[in-house]
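Observations on chain architecture
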Amino acid sequence: MSSDDSFVDRVSSFVSDNRRGIVIGVAAAAVAVGGVAYYVASSRGLGGPADEESLMSGKKKDKRKKKHKKSVKDKDGPILEERKPKVDEESDDAPPLTEEQIQGLSIEERKSLAASLKQKGNDTYQARNFAQAAEFYTRAITVSPQPEPVFYSNRAACYVSMEPPQHEKVVEDCNEALKLDSRYVKALNRRGTALEALGRLEDALRDFTATTILGKFQNDAAGRSVERVLEKLSKKKAAEILSNRERRLPSHTFVSAYFSAFRPRPLPVLPESPSTGDNTLILALEALGASDYAHSFSFVNEAIEQGISWEHGRAEALNLRGTFKFLIGDTDGAKVDLEESVQLQPSLTQSWVKIASVYMEQGNAAKTFEAFEEAIKYNPSDPDIYYHRGQVLFIMNEFEKAAENYTESSKLDDMFVFSHIQLAVAQYKSGDIGKSMATFRRTLKAFPDRSEPQNYYGELLLDQQLFQDAVEKFDRAIELERLKNPPNVLPLVNKGLALFQWKQDIEAAERCCNEALGSDPECEAAVATLAQLSLQQGKIDVAVRMFERHTELARNEPELVNALTYQYASYAQLHFIEQYPDLASQLRQMARSLV
């Protein structure tokens, strides 16, 4: 588990703890990797305007009983408004009044006639004669002395219920209803459903978001609609972006964390008469050792194109190129290179371990463990195998088995710090906090000049809300990282998160994140945390810009979908503020009160 992954866990926990406050501004989702939960506020159904009641029953609802909410799939169709006792239907077949006849009626007569026609529409709708019901609502609209939003909304309900549904007409009628009453929640929800059916997902998301906020987050159905549309929209946009975007390496922090999870190996010995490609491979490996990842990637591509003269060297080159392909999100290309690497040199266990990582990324656990077994078959004494198998077990929440593998890795090489750290974390996750803290203290003593034990220990202290102790560990990690060039900036971001949780000191948290971005402008964790902090302050416009940046930095489809979820949720709520400016301050106050 890299330091970057651990930070993700911390922010995920932070999001979970502050979920209701965060959802006011945007979808609550785990930073950088997977896990989306949007508007997870307590919900008890949507309240509409006070003068509306269901048409599906002439009786008042028993508030003590929970009723199934009607939909177009129910035999009696979706809910309409203002159910009243039936009226005389003798004139149902009478032709519509002419314009001249309508103008000859008094205002009161027109109001009475419109109400009668609407009631006939309600009764006809309940009889499932949707076309006739729509006609009655049309006549009610025509004779009414002033436009009534409910007439348009009820007619839209008829169009929804027709076979096939006439979604365009639903949108048109809801548009008219909302011109008359911009806070007409049922029209917003109905239009959102039609827009979703038409594939206009961004517009649908805006309507469902407005429905949720205007309902004060008390409607679980609207919240589920937001989740559903966000998922569709984010996946669609992610596919479009990935089909057109040039693959590139993620942040320096992320790449460093990945390579540091493997023990360093000596440079391969060149043949007596090395080729140009052989020498270029050495340049690639030397650049890797200097953490110059962009040049390392470039050099290894050149080396393979130039031709490498001996099998071990080509296996090493394919291992390195496959690793970089994996990091840029090209899992299929990575798999091809890594498999060719082990065909050339089956004993290159690092390639087997990375093949396991590719399978895990693809969700194939069986193949993942087969790759580890192949690695063990060729070199059972390689500690990297057990460390990375422990990582997979950790991801699968098999913490005790993970701890066994970390312990085996440390027995084979006691000087690899991450095996000790991850053992302590696995013990903590298993609930053995005392043993975990003891493991960390031994690790801190054994590796006094390494920042990673300080950072991870700080995270576990933060999880126990031992804020001052956690910040002290993060400060020590930051101090040690500043000796490097470039430093790992995750301790800075962790400190910012700790200061916010401890003291609600948003300014200090922002300073930490901005300092991190000064060293690593592509640090996804810092960008995502700044976006969340902006939401806590109600600065949705600032959060939008940060989420757009987060989308640019996303490495693969899961990360991109997650980033886009935040981004489009923020767009929808920014649009809400533009449409309902008088509610903007109320929304921000709600966000602050819920943190």
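Below or above, wherever it landed, is the structure these notes cover. Values in this document were obtained by computation on a predicted structure and should not be read as measured data. (Residues numbered from 1 in each chain as written. Predicted model: local features only at pLDDT ≥ 70, side-chain atom pairs only at ≥ 80, totals over all residues. Heavy atoms only, no water.)

When you go through the protein residue by residue, the secondary structure sums to 29 helices and two strands. Going through the 595 residues of the protein one by one, you find that 54% of them count as buried. Pairs at least 24 residues apart make up 63% of the contacts formed inside the protein by residues separated by at least 6 positions. A total of about 27000 Å² of accessible surface is found on the protein, and carbon and sulfur atoms cover 49% of it. (Helix = DSSP H or I, 4+ residues; strand = E, 2+ residues; numbered from the N terminus. Buried < 20%, exposed > 50% of the residue type's maximum accessible area, 1.4 Å probe, protein only. Contact = heavy atoms within 4.5 Å. Areas by Shrake-Rupley, 256 points an atom, 1.4 Å probe, with all protein chains shown as cover.)

What follows is about helix α18 (residues 383–395). Under the 1.5 Å per step criterion, the end-to-end length of α18 is 19 Å for 13 residues, consistent within 8% with the ideal 18 Å. Counting buried positions along α18 gives twelve out of 13 residues, so the element sits mostly inside the fold. The set of residues buried in α18 consists of P383, D384, I385, Y386, Y387, H388, R389, G390, Q391, V392, L393 and F394. Contacts made by the buried residues of α18 are with α16 (349–361), α17 (365–378), α19 (399–412) and α20 (417–429). The N-terminus of α18 is capped by D382, whose side-chain oxygen sits 2.9 Å from the backbone nitrogen of D384. Just past α18, the residue N397 takes up positive phi, approximately 65°. (Expected span 1.5 Å × (residues − 1). Polar contact = N/O pair within 3.5 Å; in protein donor to acceptor, adjacent residues only side chain to side chain.)

Each α-helix winds once per 3.6 residues, and so residues spaced three or four apart point in a common direction. End to end, helix α24 (residues 490–503) covers 20 Å across 14 residues, agreeing with the expected 20 Å (1.5 Å per residue, within 8%). Of all 14 residues making up α24, twelve are buried, and the element is well covered by its neighbours. Of all the positions in α24, only L490, P491, L492, V493, N494, K495, G496, L497, A498, L499, F500 and Q501 are classed as buried. Directly beyond the C-terminal end of α24, a positive phi value near 55° is found at Q504.

Moving on, we come to the pattern of salt bridges. If the charged atoms of two oppositely charged side chains come close together, the side chains can form a pair. Under the defined criterion, the tally for this structure stands at 27 salt bridges. The salt bridge partner of E374 is K377, with a shortest N-O separation of 3.2 Å. One end of the pair is E374 and the other is K377, both in helix α17 and three residues apart, which spans about a single turn. For E374, a relative accessible area of 25% corresponds to the partly exposed category. K377 gets classed as exposed once you look at its relative accessible area, which sits at 56%. Here E552 ties to R549 by a salt bridge, and the two come within 3.0 Å at their closest N and O atoms. One end of the pair, E552, and the other, R549, are both in helix α27 (residues 540–553), three residues apart, so they sit about a helical turn from each other. For E552, a relative accessible area of 42% puts it in the partly exposed group. Through salt bridges with shared partners, a single network forms among E196, R228 and K232. (Salt bridge = Lys/Arg side-chain N within 4 Å of Asp/Glu carboxyl O.)

Time to look at the packing of α20 against helix α21 (residues 433–446). The geometry of α20 relative to α21 is characterised by a closest axis approach of 7 Å and an angle of 165° between their N-to-C directions. When the axes of α20 and α21 are compared, the pair comes out roughly antiparallel. Both α20 and α21 take part in a crossing whose hand is left-handed. Of the residues in α21, those in contact with V417, H420, I421, L423, A424, V425, Q427 and Y428 of α20 are I433, K435, S436, M437, T439, F440 and T443. Across the contact of α20 with α21, the residue classes tally to nine nonpolar, five polar and one charged. (Axes fitted to C-alpha atoms, helices over the stretch in contact; angles between N-to-C directions. Parallel < 35°, antiparallel > 145°, perpendicular 65-115°, else oblique. Left-handed = near helix turned anticlockwise from the far one by under 90°. Nonpolar A, V, L, I, M, F, W, Y, C, P; charged D, E, K, R; others polar.)

Once that is clear, we can look at the state of the cysteines. What we call a disulfide is simply a covalent bond connecting the sulfur atoms of a pair of cysteines. Tallying each qualifying case throughout the model produces zero disulfides. Note on C512: no disulfide assigned, nearest cysteine sulfur contributed by C513 at a separation of 6.8 Å. Look at C513 and you get buried, because its relative accessible area is 0%. (Disulfide = S-S within 2.5 Å.)

Where α17 contacts α18, the axes come no closer than 10 Å and their chain directions differ by 165°. The angle between the axes of α17 and α18 places the two elements in the roughly antiparallel class. Note on packing geometry: the crossing formed by α17 with α18 is left-handed. Contacts between α17 and α18 involve T368, F369, F372, E373, A375 and I376 from the first element and I385, Y386, H388, R389, V392 and L393 from the second. Taken together, the residues that form the contact of α17 with α18 break down as eight nonpolar, two polar and two charged.

Once that is clear, we can look at the nonpolar core. Among the nonpolar cores identified, the biggest contains 46 residues, and L214, C523, A526, F576 and Y580 are the most heavily contacted of them. Apart from residues lying up to four places away in sequence, Y580 is in contact with S182, R183, L188, A210 and L214. Of all hydrophobic cores here, the second largest spans 39 residues; its members include F297, L338, I355 and I376. (Core = buried A, V, L, I, M, F, W, Y, C linked by side-chain atoms within 4.5 Å.)

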